[in-house]
Amino acid sequence: MVKLLSSCPALETLELSCFQGFRRLEITSPNLKRLILDGGGGFDSLEIVAPHLQHLEISGVRGYLKRRLVNVSSLVTASLTFSIICITVDDESYIGEEEDDVEEDNCPDYHQAFRNLVVDYLEKLSHVTQLKSGSWLAQVVFMLQLEGVPLPQLRCKCLTLEMPITKNTLYGVASLLRTSPLLETLNINLGVGFADYYHCEHERSYFAKGDNINLRSWISNIVFPNLKTVKIDGCRDECSMEWSKAGDKLFVLSKFLLKNAVALKKFVIVTKRKICGLCYESCVPQYLSRLVKNLLDSQRSSMTFVIIYQDSAQDD
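All values derive from a computational prediction rather than experimental measurement. (Residues numbered from 1 in each chain as written. Predicted model: local features only at pLDDT ≥ 70, side-chain atom pairs only at ≥ 80, totals over all residues. Heavy atoms only, no water.)

*Asks:* Help me understand the nonpolar core in this model?
*Replies:* Note on soluble globular proteins: their nonpolar side chains tend to be buried together. Among the nonpolar cores identified, the biggest contains 90 residues, and Leu-35 and Leu-186 are the most heavily contacted of them. Two domains each provide a minimum of three residues to this core, namely domain 1 (1–75) and domain 2 (106–315). Residue contacts for Leu-35: discarding those within four places in its chain leaves Leu-14, Leu-16, Leu-25, Ile-27, Ile-48, Leu-53, His-55, Leu-56 and Glu-57. (Core = buried A, V, L, I, M, F, W, Y, C linked by side-chain atoms within 4.5 Å. Buried < 20%, exposed > 50% of the residue type's maximum accessible area, 1.4 Å probe, protein only. Domains from an automatic or database assignment. Contact = heavy atoms within 4.5 Å.)

*Asks:* Could you clarify how one ought to interpret the packing of helix H1 (residues 107–124) against helix H2 (residues 135–146) in this entry?
*Replies:* Packed helix pairs are characterised by how far apart their axes lie and by the angle those axes make with each other. Two elements in contact, H1 and H2, have axes separated by 10 Å at closest approach and are oriented at 105°. Accordingly, the angle class assigned to the pair H1 and H2 is roughly perpendicular. Contacts from Phe-114, Arg-115, Val-118, Val-119 and Leu-122 of H1 reach H2 at Trp-136, Leu-137, Val-140, Val-141, Met-143 and Leu-144. Tallied by class, the residues present in the contact of H1 with H2 amount to 10 nonpolar, no polar and 1 charged. (Axes fitted to C-alpha atoms, helices over the stretch in contact; angles between N-to-C directions. Helix = DSSP H or I, 4+ residues; strand = E, 2+ residues; numbered from the N terminus. Parallel < 35°, antiparallel > 145°, perpendicular 65-115°, else oblique. Nonpolar A, V, L, I, M, F, W, Y, C, P; charged D, E, K, R; others polar.)

*Asks:* Please clarify how the pairing of strand S3 (residues 24–27) should be interpreted in this entry.
*Replies:* Both faces of the sheet carry side chains from a regular strand, because those side chains alternate between them. Of the two faces of S3, only the one carrying Leu-25 and Ile-27 is buried; Arg-24 and Glu-26 on the other face are not. The pairing of S3 with strand S5 (residues 46–49) spans 3 bridges and is classified as parallel. Each residue of the ladder has a partner; that of Glu-26, found in S5, is Val-49. (Pairing = 2+ DSSP bridges.)

*Asks:* Whenever I open this one, the environment of Ser-282 confuses me. Can you help?
*Replies:* Structurally, the position occupied by Ser-282 is in the loop between strand S15 (266–273) and helix H8 (283–296). Along the chain, Ser-282 and Lys-272 lie 10 residues apart, while their C-alpha atoms are 9.1 Å from each other. Once you skip the residues sitting within four places of it in the chain, Ser-282 turns out to touch Arg-273, Lys-274 and Ile-275.

*Asks:* Can you walk me through the packing of helix H3 (residues 170–178) against helix H7 (residues 249–260) in this structure?
*Replies:* At a minimum axis separation of 11 Å, H3 and H7 run at an interaxial angle of 20°. In terms of orientation, H3 and H7 fall into the roughly parallel class. The chirality of how H3 crosses H7 is right-handed. Residue-level contacts link Leu-170, Tyr-171, Val-173 and Leu-177 of H3 to Lys-249, Val-252, Leu-253 and Leu-257 of H7. When grouped by side-chain class, the residues that make up the contact of H3 with H7 number 7 nonpolar, no polar and 1 charged. (Left-handed = near helix turned anticlockwise from the far one by under 90°.)

*Asks:* I would appreciate a short explanation of the pattern of salt bridges in the present structure.
*Replies:* It is possible for side chains bearing opposite charge to pair when their charged atoms get close. Tallying each qualifying case throughout the model produces 6 salt bridges. Across the pair Arg-115 and Glu-147 runs a salt bridge whose closest N-O atoms are separated by 3.1 Å. Of this pair, Arg-115 sits in helix H1 while Glu-147 sits in the loop between H2 and strand S12 (158–162), placing them 32 residues apart in sequence. Residue Arg-115 is classed as buried on the basis of its relative accessible area, which comes to 2%. Lys-167 serves as the salt-bridge partner of Asp-211, at 3.2 Å between the closest nitrogen and oxygen. Here Lys-167 lies in the loop between S12 and H3 and Asp-211 lies in the loop between helix H4 (201–207) and helix H5 (215–218), a separation of 44 residues in the sequence. (Salt bridge = Lys/Arg side-chain N within 4 Å of Asp/Glu carboxyl O.)

The following block contains the structure:
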């Protein structure tokens, strides 16, 4: 079925959640600027044709995803914070019921299909200037790079990461940074995104290779000539113990940025003082204050940047 949207001239934002039956979504109205696809498990295969669209958001958790971008040539911002869960992960609360065309014993082919999807997304979105990424996208980018798949050059000037920086996301994030030479602003929102523990054995075999990789060798000789602002937001309801399990990868990334961002002006760290419900301590401010101290002693390329630490009481 083709859905053609051209008869609502006043419509500027369209949000679709958990619908079925559409194979192709064509948006011809020049006034509709924002499309939000938010859905767990309710979308069939879907092609999106929206030449006038400026803002695209795709989120949700599902088993098998086929949302392909055909024409989104006017996009300025894109948000890809969705997650795809392998068919071998036995959790009915996340896996949809429409994976009839995927064999459960064909896990590698299943993953290859959505790795191809991510390459297609990055190619179609290479012109956007503001990009938001979730954990799953960074993890797939890491797997692509391990296979030697080249990534398209991105024109992104503002990259927002909705994820904790762990061994499963660090090298994918680094690869996105390497392909974004125009990047001016990097935002890292910690504690946001799908949990790292929903992975199959195939995925874990890739992530295990990160234990033997050094970030400097992963993206060697890289310089960020235009990066001026880095902001880390730790105002989330997640215990910082989860962030540091993999060896404080946020520290590794932050120090790497200081060393290679030659035009850096501001490194902003934001947190709110709150007692964690898991460790019963004010763990997030403690974790981020250690990061500040670590950065003060780190090598840096820019001599004019400042570190700004914002720690305030939690609002009730």
